[in-house]
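Coordinates in review
Spelled out, the chains give:
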Amino acid sequence: AYTIDCCKLGELIYETFNAASGILKIKGVSAHPMSAKGKLVNPIMIAHDFINMLDRNKMPENTENREGYVWITDINSDVLNCKVDFNIRNHDKEKFEESKKYLIQAVDLLKERYKKAEISIEITDVYSNIADSIDDTNKVAIENLKEIYKKLQIEPIIIPMRGGTDGSYLSTRGIFTPNYFTGAHNFHSNKEFLPMDSFYKSFLVTLELMRG
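Residues numbered from 1 in each chain as written. Predicted model: local features only at pLDDT ≥ 70, side-chain atom pairs only at ≥ 80, totals over all residues. Heavy atoms only, no water.

Here we take up the packing of helix α3 (residues 140–151) against helix α5 (residues 196–211). Interaxial distance between α3 and α5 falls to 10 Å at its minimum, and their mutual angle equals 125°. Between α3 and α5, the angle falls in the class oblique. In this structure, α3 meets α5 at a crossing whose hand is right-handed. Along its contact with α3, which presents Leu-145, Ile-148, Tyr-149 and Lys-151, the element α5 presents Val-205, Glu-208 and Leu-209. Looking at the contact of α3 with α5 residue by residue, the class counts come to 5 nonpolar, no polar and 2 charged. (Axes fitted to C-alpha atoms, helices over the stretch in contact; angles between N-to-C directions. Helix = DSSP H or I, 4+ residues; strand = E, 2+ residues; numbered from the N terminus. Parallel < 35°, antiparallel > 145°, perpendicular 65-115°, else oblique. Left-handed = near helix turned anticlockwise from the far one by under 90°. Contact = heavy atoms within 4.5 Å. Nonpolar A, V, L, I, M, F, W, Y, C, P; charged D, E, K, R; others polar.)

Counting residues in hydrophobic clusters, the biggest one holds 22 residues, and the most contacted among them are Leu-24, Ile-26, Ile-46, Phe-50, Ile-88, Leu-103 and Ile-119. Mapped by element, the contributors of at least two residues to this core are β3 (18–27), α1 (43–52), β5 (81–90) and α2 (93–113). Sort the elements by how many residues they give to this core and α2 lands first, with 5 residues. Of all hydrophobic cores here, the second largest spans 14 residues; its members include Leu-12, Ile-142, Tyr-149 and Phe-181. (Core = buried A, V, L, I, M, F, W, Y, C linked by side-chain atoms within 4.5 Å. Buried < 20%, exposed > 50% of the residue type's maximum accessible area, 1.4 Å probe, protein only.)

Taking strand neighbours across the sheet as the criterion, the 4 strands line up as β1-β8-β2-β7 in an open arrangement whose pairing is mixed. Of all strands in the sheet, those bounded by a partner on one side alone are β1 (3–4) and β7 (157–158). Pairing analysis gives 2 bridges linking β1 to strand β8 (residues 179–180), with the strands arranged parallel. Bridge pairing in β8 links Ile-4 to Tyr-180. α3 contacts β2 (11–13), β7 and β8 of the sheet and is inclined by roughly 170° relative to β2. (Pairing = 2+ DSSP bridges.)

The subject of this paragraph is the state of the cysteines. Put plainly, two cysteines are in a disulfide when a covalent bond ties their sulfur atoms together. Applying the stated criterion across every chain yields a total of 1 disulfide. Covalent S-S linkage joins Cys-6 and Cys-7, the inter-sulfur distance amounting to 1.4 Å. Because the torsion about its S-S bond is -40°, the bridge between Cys-6 and Cys-7 counts as left-handed. Like Cys-6, the residue Cys-7 is buried in the burial classification. (Disulfide = S-S within 2.5 Å.)

Here you go:
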């Protein structure tokens, strides 16, 4: 199978992130500030400690190519409860698992530091790297795309996608699914655009695959 997702003319993708999402839940201890000493446990400050235990050099704004990251996406809190949502991404499966273990260890440390608080972490795998599903029986799907690109005079741009496609899930289910371009740029921004010439070339690739 094939997906048609992202990005500029010529992109040919068969390497994506391994992805997980997570939730950190913190229940502190509420107290009036006038008598809070020794009683109040502020869940926001515990979340602050958790975030400070992350490597700023391994966040989306400081990474590229095959460098993985942990991304804090949402924080919701009041004086008693705090919830922190985060994403884990890495092309390398071993490093991906190491990131998950590190976050669990960080929470274990916070539990020791804040014994009065209730702290839990939940991590759920979302999708996997397409490249881990390549074998001798299915890599012909990639070669087919390369031949079609050559026929249509499209220069292939083979990169590790810093994201995922539906093929990232399908590949783990036994249907190897590489991806080719739509021709669009600036995805998920208010400046996203799609040159029609590139879109038409994507259409031609699709026709050739159907004929093949």
